[in-house]
Amino acid sequence: MSPSKSAVRVWTWALLFLVIFSTTITNMAMSEVGFREAAKKKYMSEKVRKMFYHAYDNYMTHAFPHDELKPLTKTFTDSLSELGNLKLEHLPQHYNGSALTLIESLSSLVVLGNYTEFERAVWWLSDNLTFDVDARISLFECNIRVLGGLVSAHILATDSTSRFIQGTYKNQLLNLAEDLGQRFLWAFDTPTGLPYAWINLKYGVMENETTETSTSGCGSLILEMGALSRLTGDSKYEAVALRALRKLWSMRSSLDLLGTTLDVVKGEWIEYSSGIGAGVDSFYEYLIKAHILFGREEFWDMFHSAYLAVQKYFRHGPWYHEADMRTGKATYWQLTSLQAFWPGLQILVGDIAAANSSHREFFHVWERFGVLPERYLLDREMLHPTEKYYPLRPELAESTLYLYQATKDPWYMEVGESIVNSLNTYTKVEGGFASVKDVTTMQLEDHQHSFFLAETCKYLYLLFDDSFLAGKNYIFTTEGHPLPVRNSWHERLPEAYTPTNWSYVKSENQAKRASAMSLQVCPDTLTGGRNDGYWVESACHVRDARADHMCQTDEECGIDSTTCRKRTCSMAGYCGLWLFIA
Ligand code: DMJ
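Here's what I pulled together on the structure shown here. Nothing here was measured: the structure is a model prediction, and the numbers come from that model.

**Some points on the pattern of salt bridges**
Now for step 1: Evaluated as defined, the whole model comprises 23 salt bridges.
Now for step 2: With its nearest N and O atoms 2.9 Å apart, the salt bridge here joins Asp 234 to Lys 236.
Now for step 3: Exposure remark for Asp 234: the relative accessible area of 22% places this residue in the partly exposed category.
Now for step 4: The shortest N-O distance in the salt bridge between Arg 246 and Glu 298 comes to 2.6 Å. Residue Arg 246 is located in helix α8 (residues 236-250), and its partner Glu 298 is located in helix α10 (residues 297-313); the two are separated by 52 residues in the primary sequence.
Now for step 5: Judged by relative accessible area, which is 39%, Arg 246 ranks as partly exposed.
Now for step 6: Salt bridges sharing partners connect three or more residues here, namely Glu 68, Glu 141, Arg 145 and Glu 479.

Given below as structure tokens:
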């Protein structure tokens, strides 16, 4: 062998060794990272599990079967009655609660894998719960918390893969849900079809009842009422909710904006200013989620127009202010804690960049105060003088979960960890978890809201342990109750929802684990009916009409996905994104 040949052979072996060595080191490092990440998830999910049970056990000990726990005094409040009414002027004399927190905990118990307690709760509710009670309730709150809690739990109890109740469960939760749904129908008996905001569960709409409601009050009923119809085979629940939603949508302005409050008898707006927070938030959420759950294009069309209008008139960088629905002019420059759900919604439509940037801002505010204040005045850079509270709301945790599911960026787990630590530091007391009255002093208030168990704990747990989502496609109601996306509930499954359409869902296994939030549901309409795997990043993004990006008119350029502004066609025939960066 010539010296040069042997030198080549030595170098080849040396190179081979180097490649194998570095691959082994990289693999070891990667499995080390993977191992650490898995250990962290385990540790954090256990921490959240303990939080849930601290809240739950204290409720069961000191408050059950009343509605919610007062954790500081270890007593209870029958808060389903008049929930959402700050004036509390109609408090009933003979109402002793409806076990609201237990109903709200049902789906969380399943997410945590505690079937024994779930089953115990189901039997207790089956034997004891009645809606024939003299209590004035908010249609919106009772729908999302009670009807949603019961319908979701019924589905979980009858799921073919469920390990419990099989055979012995005789649809008791569904019967209760139907009884409640029947009572809800009283609210819809108006000349417009828009429902009253308040009904008495025993007597229906009371004399001289207010005719004022909110956009979310009449526009966020379709998931629960629709699910009730699909489950019972009785279409009337879905029909009234759909009629109300259509009426509401018909009241939009020429800018595709809606107000915040309206009169259900006159069918006229009362408050013309609106945003994406209180009084409106879940209206947007239910349009896209109804599209996902029922596959109806009508919901997508409403959502798409409404979403574009929000991005156009409310959005200011990563923030969202309020605007007058008639003019689109900004009214209030405020961050409200409820707005923090928006990045989660943006994940469902694939607007990841926008979701990420808003989520970061909300998290900065959380970090600054330790929790998220109810209202922060953006223009004056100060807290709202009276709304400095944090009632254990879930919205930031919710968006964090959606962003993590969509990106798998471990940074979102750090955000989750920080939220968990704040909750334990500032709000945990011996008798449960207490709301924060004032974020500047961290003074507490004697109230553990039921959504802390239905949503806050659930979203945080799923962030660190998503085994509940494996092999299933769930959509979460605005109160965090899971509803499965079923072919049989779809008039037509949105094309983009089919995993094979998504080039990045590579293996069978991945496809099975993909959930609505990680798939980002962009209907096929956005792709112009094409089926070539072309992926639109954002619901706000209108695809350039010409594949080569050359254009003749501005109309052919569509809308940019991150700024949501129209692109312009340059003299040379290129769509001018650069114009907006400048
Ligand atoms: C919950 O009841 C629901 O998320 C609702 O849509 C908004 N408010 C609370 C939680 O903050």
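**A word on helix α3 (residues 115-128)**
Now for step 1: Spanning 14 residues, α3 covers 20 Å between terminal C-alpha atoms, matching the ideal 20 Å at 1.5 Å per step.
Now for step 2: Looking at α3, one finds that the buried residues are Glu 117, Phe 118, Ala 121, Val 122, Leu 125 and Ser 126.

**What to know about the sheet that holds strand β5 (residues 212-214)**
Strand pairing in a sheet relies on backbone hydrogen bonds, with the paired strands running either antiparallel or parallel.
Now for step 1: Strand order in the open sheet made by the 3 strands is β5-β6-β7, with antiparallel pairing throughout. The outermost strands of the open sheet, each flanked by one partner alone, are β5 and β7 (268-271). This sheet shows a mean twist of 40° between the axes of neighbouring strands, independent of strand direction.
Now for step 2: Across 3 bridges, β5 lies against strand β6 (residues 261-263) in antiparallel orientation.

**Some words on the site of the ligand**
Now for step 1: Neighbouring residues of the ligand: Ile 144, Leu 338, Arg 393, Pro 394, Glu 395, Phe 451, Glu 455, Thr 478 and Glu 479.
Now for step 2: Contacts to the ligand include Glu 395, whose side-chain N or O atom sits 2.7 Å from an oxygen atom.
Now for step 3: One of the side-chain nitrogen or oxygen atoms of Glu 479 is found 2.5 Å away from an oxygen atom of the ligand.
Now for step 4: Protein coverage of the free-state accessible area of the ligand, which is 290 Å², stands at 93%.
Now for step 5: Broken down by class, the residue content of the shell around the ligand amounts to 4 nonpolar, 1 polar and 4 charged.

**Details of unusual backbone geometry**
Now for step 1: Cis geometry marks the peptide bond from Phe 64 to Pro 65; its omega dihedral reads 5°.
Now for step 2: One can find Pro 65 in the loop between α1 (3-62) and β1 (68-70).
Now for step 3: Its identity is not glycine, yet Met 442 carries a phi of approximately 60°, on the positive side.
Now for step 4: Within the fold, Met 442 resides in the loop between β17 (435-438) and β18 (443-445).
Now for step 5: Met 442 gets classed as buried once you look at its relative accessible area, which sits at 17%.

**Re the sheet that holds strand β14 (residues 382-383)**
Now for step 1: One open sheet accounts for 3 strands, arranged β12-β13-β14; its pairing is antiparallel. This sheet does not close on itself; its edge strands, each paired only once, are β12 (334-336) and β14.

**Focus: the packing of helix α5 (residues 172-184) against helix α7 (residues 222-232)**
Now for step 1: The contact between α5 and α7 brings their axes to 11 Å, and the two run at 125°. When the interaxial angle is binned, α5 and α7 end up oblique. Between α5 and α7 the crossing geometry is left-handed. Between α5, through Leu 174, Ala 177, Glu 178, Gly 181 and Phe 184, and α7, the contact on the second element is made entirely by Met 225, Leu 228, Leu 231 and Thr 232.
Now for step 2: Tallied by class, residues from the contact of α5 with α7 come to 6 nonpolar, 2 polar and 1 charged.

Cut-offs and rules
Residues numbered from 1 in each chain as written. Predicted model: local features only at pLDDT ≥ 70, side-chain atom pairs only at ≥ 80, totals over all residues. Heavy atoms only, no water. Salt bridge = Lys/Arg side-chain N within 4 Å of Asp/Glu carboxyl O. Buried < 20%, exposed > 50% of the residue type's maximum accessible area, 1.4 Å probe, protein only. Helix = DSSP H or I, 4+ residues; strand = E, 2+ residues; numbered from the N terminus. Expected span 1.5 Å × (residues − 1). Pairing = 2+ DSSP bridges. Axes fitted to C-alpha atoms, helices over the stretch in contact; angles between N-to-C directions. Near = heavy atom within 4 Å. Polar contact = N/O pair within 3.5 Å; in protein donor to acceptor, adjacent residues only side chain to side chain. Areas by Shrake-Rupley, 256 points an atom, 1.4 Å probe, with all protein chains shown as cover. Nonpolar A, V, L, I, M, F, W, Y, C, P; charged D, E, K, R; others polar. Parallel < 35°, antiparallel > 145°, perpendicular 65-115°, else oblique. Left-handed = near helix turned anticlockwise from the far one by under 90°. Contact = heavy atoms within 4.5 Å.

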